[in-house]
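If you want the building blocks of each chain, they are given just below.
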Amino acid sequence: MSPASTGASTDVDAVPTASAAVSSPAPAADDSDSRLTPGGPGYRRMSLALFLAGVATFALLYSTQALLPLISGEFGVAASEASWTVAAATGGLALFVLPMSALSERFGRRTVMTASLAVAVSVGVLVPFAPSLGVLVALRAVQGAALAGLPASATAYLAEEVRPRALVTAIGLFVAGNSVGGMSGRVITGWVAQEWGWRVAVGVIGVIAVGCAVAFRMLLPTPRHFKPGSLRPRVLARAVRDHLADPLLRRLYAIGALFMTVFGGVYTVIGYRLTEEPFGLPQGIVGSIFLVYLVGTVSASTAGRLVMRLGRRGALYLAGGTTAAGLLLSLAPSLPLVLLGLVLITAGFFAGHAVASSAVSKTATHGRAQAAALYQSAYYIGSSAGSTVGAVAFHANGWAGTVGVGVLAVAGVVTITAFGSRAARRTTPHPNPLPTTR
């Protein structure tokens, strides 16, 4: 059976025997491979372009998250209702990521990503003028649907244009852009909103996203390895069916959803917790809490080295354990301990996300955009679920309720990863032990 069907990994999970390490020299680099590689021409432009796309995507997608207490106050609604301004955006992305990936198979990754950013930033100009919560939620849903063209198309672009050995690092940089966008969007909106209100704050994010979109289009190299696919429903349905039939991909999709359930719940609710007693922090300081996203930038960009050292499943165990430790630590009624807990949650989440998303790109042998789209759909369904369920749990049981939801999600990650490890051991033949010599 193939590694994809067993859950085993041929490149990061397998541990070579001593004799194999001695007798099999490392393969030489293929000089005829024209795909991008670190240090090569075009790689830095590509990395910066997709980094900026990640910044714009997450800054727009979560632009209201740090502002929920202010939105609740203006419209006179509870946290569970205001949280729909986040859940609608991530839900729209989850619903449309698969159709958008199909368009990218036909019309090209760069074309779809450019169009998606253009529509999303245009809607971003309208968001500050929403007259009611219902209109705001509707605009956010449209914005999320527009952004659906970015995540799956970006990972498919990288899988086609970057050499396999550099893929985890390249995707890690894109995920790092996500973390910078999420962090800067929340910090900027927090301070701007403290002085001029939440409407001006989301307007500023829209202007920043416009700049990122323009720079992205100017920097991203023209694809050289894209081959147009078919838009026929039967062909697309077959690709989706093949991916969902792969047990390894199913596990990776579930892991992405569960990690994002934790992250969505924690960062949707944390603003309410920190503005209430015993902390009572002002909006600007609460927005600055999201500077811990810089930890995610580091953990995502180093995910490749983590996988090389621990293997994919070992890296997922470490990411899950780190996230769980952060959740439990955040229960303390001490601001420094809460901040340390957020650091651990953020580091664990971004590492786990980078490992899982890069494994999807490596595992899929065809219909990569659809494979990545299914992951992104599961991922953002997890975000919507986490935002909504986390807010409901907070309303019912306070911060402990939100932490309880997160711990259950991490337990799911560990359980699925352990199941994959057992499946790999059952299906991978064990080599005959070699005699030892002294």
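Basis of the calculations
- Residues numbered from 1 in each chain as written.
- Predicted model: local features only at pLDDT ≥ 70, side-chain atom pairs only at ≥ 80, totals over all residues.
- Heavy atoms only, no water.
- Helix = DSSP H or I, 4+ residues; strand = E, 2+ residues; numbered from the N terminus.
- Buried < 20%, exposed > 50% of the residue type's maximum accessible area, 1.4 Å probe, protein only.
- Contact = heavy atoms within 4.5 Å.
- Areas by Shrake-Rupley, 256 points an atom, 1.4 Å probe, with all protein chains shown as cover.
- Phe/Tyr/Trp six-rings, centres within 6.5 Å; stacked < 30°, edge-to-face > 60°.
- Polar contact = N/O pair within 3.5 Å; in protein donor to acceptor, adjacent residues only side chain to side chain.
- Patch = residues over 30% accessible without salt bridge, like charges linked within 9 Å, V, L, I, M, F, W, Y side chains within 5 Å.
- Salt bridge = Lys/Arg side-chain N within 4 Å of Asp/Glu carboxyl O.
- Lys, Arg positive; Asp, Glu negative; His and termini not counted.
- Charge placed at Lys NZ, Arg CZ, Asp CG, Glu CD.
- pLDDT = per-residue confidence, 0-100.
- Axes fitted to C-alpha atoms, helices over the stretch in contact; angles between N-to-C directions.
- Parallel < 35°, antiparallel > 145°, perpendicular 65-115°, else oblique.
- Left-handed = near helix turned anticlockwise from the far one by under 90°.
- Nonpolar A, V, L, I, M, F, W, Y, C, P; charged D, E, K, R; others polar.

1. Focus on the overall build of the protein chain
When its secondary structure is counted, the protein chain shows 19 helices and zero strands. The 438 residues of the protein chain split such that 57% are buried. Sequence separation of 24 or more characterises 84% of the internal contacts of the protein chain that already satisfy a separation of 6 or more. Carbon and sulfur atoms make up 67% of the accessible area of the protein chain, which amounts to about 18000 Å² in all.

2. Quick word on unusual backbone geometry
With an omega of 10°, the peptide bond running from Glu 277 to Pro 278 counts as cis. Examined against the element boundaries, Pro 278 turns out to sit in the loop between helix H13 (247-275) and helix H14 (283-288).

3. Some thoughts on the packing of aromatic side chains
Aromatic rings in a pair are described by how distant their centres are and how their planes are angled relative to each other. Here the structure, examined in full by the defined rule, presents 10 aromatic pairs. For the pair Phe 263 and Phe 350, a centre-to-centre distance of 5.4 Å together with 75° between the ring planes defines the contact as edge-to-face. Here the residue Phe 263 occupies a position in helix H13, and Phe 350 occupies one in helix H17 (residues 335-363), the gap between them amounting to 87 residues. The buried category is assigned to Phe 263, whose relative accessible area is 3%. The structure contains a cluster of three or more aromatic residues connected by ring pairs, namely Phe 263, Tyr 267, Phe 349, Phe 350, Tyr 375, Tyr 379 and Tyr 380.

4. Re the side chain of Thr 85
Structurally, Thr 85 can be placed in helix H6 (residues 84-107). Residue classification places Thr 85 among the buried residues on the basis of a relative accessible area of 0%. At 2.9 Å, the side chain of Thr 85 and the backbone oxygen of Ala 82 are in polar contact.

5. Considering the environment of Leu 328
Tracing the sequence through the fold places Leu 328 in helix H16 (residues 303-329). Looking at Leu 328, the relative accessible area reads 55%, which means it is exposed. In sequence terms Leu 328 and Val 403 are 75 residues apart; their C-alpha atoms lie 7.2 Å from each other.

6. So, the environment of Ile 71
Of note, Ile 71 is situated in helix H4 (residues 68-75). Discounting residues that sit within four places of it in the chain, Ile 71 has contacts with Thr 64, Val 77, Ala 82, Thr 85, Leu 133, Leu 136 and Trp 198.

7. Considerations on a nonpolar patch on the surface
Together, Val 210, Val 214 and Met 218 make up an exposed nonpolar region whose accessible area comes to about 280 Å². Relative to the elements of secondary structure, Val 210 occurs in helix H11 (residues 198-219).

8. A look at the environment of Leu 339
Here Leu 339 is to be found in helix H17. Note: C-alpha distance between Leu 339 and Leu 329 (10 residues apart in sequence) is 9.0 Å.

9. Some points on the pattern of salt bridges
A full pass over the atoms with the stated rule returns two salt bridges. Note that Glu 74 is salt-bridged to Arg 199, the shortest N-O span being 2.7 Å. Taken together, the residues span a long stretch of sequence, with Glu 74 in helix H4 and Arg 199 in helix H11 at a distance of 125 residues. Glu 160 serves as the salt-bridge partner of Arg 109, at 2.3 Å between the closest nitrogen and oxygen. Residue Arg 109 is found in helix H7 (residues 109-126), and its partner Glu 160 is found in helix H9 (residues 151-161); the two are separated by 51 residues along the sequence. Note on Glu 160: relative accessible area 14%, which makes it buried.

10. Section: a positive patch on the surface
A grouping of Arg 232, Arg 234, Arg 238 and Arg 241 is seen on the molecular surface, where their side chains present a positively charged patch. Relative to the helices and strands, Arg 232 is located in the loop between H11 and helix H12 (233-245).

11. Some remarks on the side chain of Arg 109
Look at Arg 109 and you get buried, because its relative accessible area is 2%. Within the local environment of Arg 109, its side chain forms a polar contact with the side chain of Ser 104, the two groups lying 3.0 Å apart. Dropping the residues within four chain positions of it, Arg 109 is found in contact with Ser 101, Ser 104, Ser 153, Ala 156, Tyr 157, Glu 160, Phe 226 and Ala 369.

12. Some words on the confidence of the model for the protein chain
When the pLDDT values of the protein chain are averaged, the result is 80; 86% of them are 70 or greater. Residue range residues 1-30 is modelled with pLDDT below 50. Its contacts to residues more than four positions away, or to other chains, number 41 contacts. Between residues 430-438, whose pLDDT stays under 50, and residues either more than four places distant or in other chains, the model counts three contacts.

13. Things to note about the packing of helix H3 (residues 43-61) against helix H8 (residues 133-147)
Between two packed helices, the angle of one axis relative to the other and the distance separating the axes together describe the packing. Axis separation between H3 and H8 bottoms out at 10 Å; the angle between their running directions is 160°. One way to sum up the angle between H3 and H8 is to call them roughly antiparallel. Judged by the twist between their axes, the crossing of H3 over H8 is left-handed. Seen from H3, the contacting residues are Thr 57, Leu 60 and Leu 61; seen from H8, they are Arg 140, Gln 143, Gly 144 and Leu 147. Partitioning the contact of H3 with H8 into residue classes produces three nonpolar, three polar and one charged.

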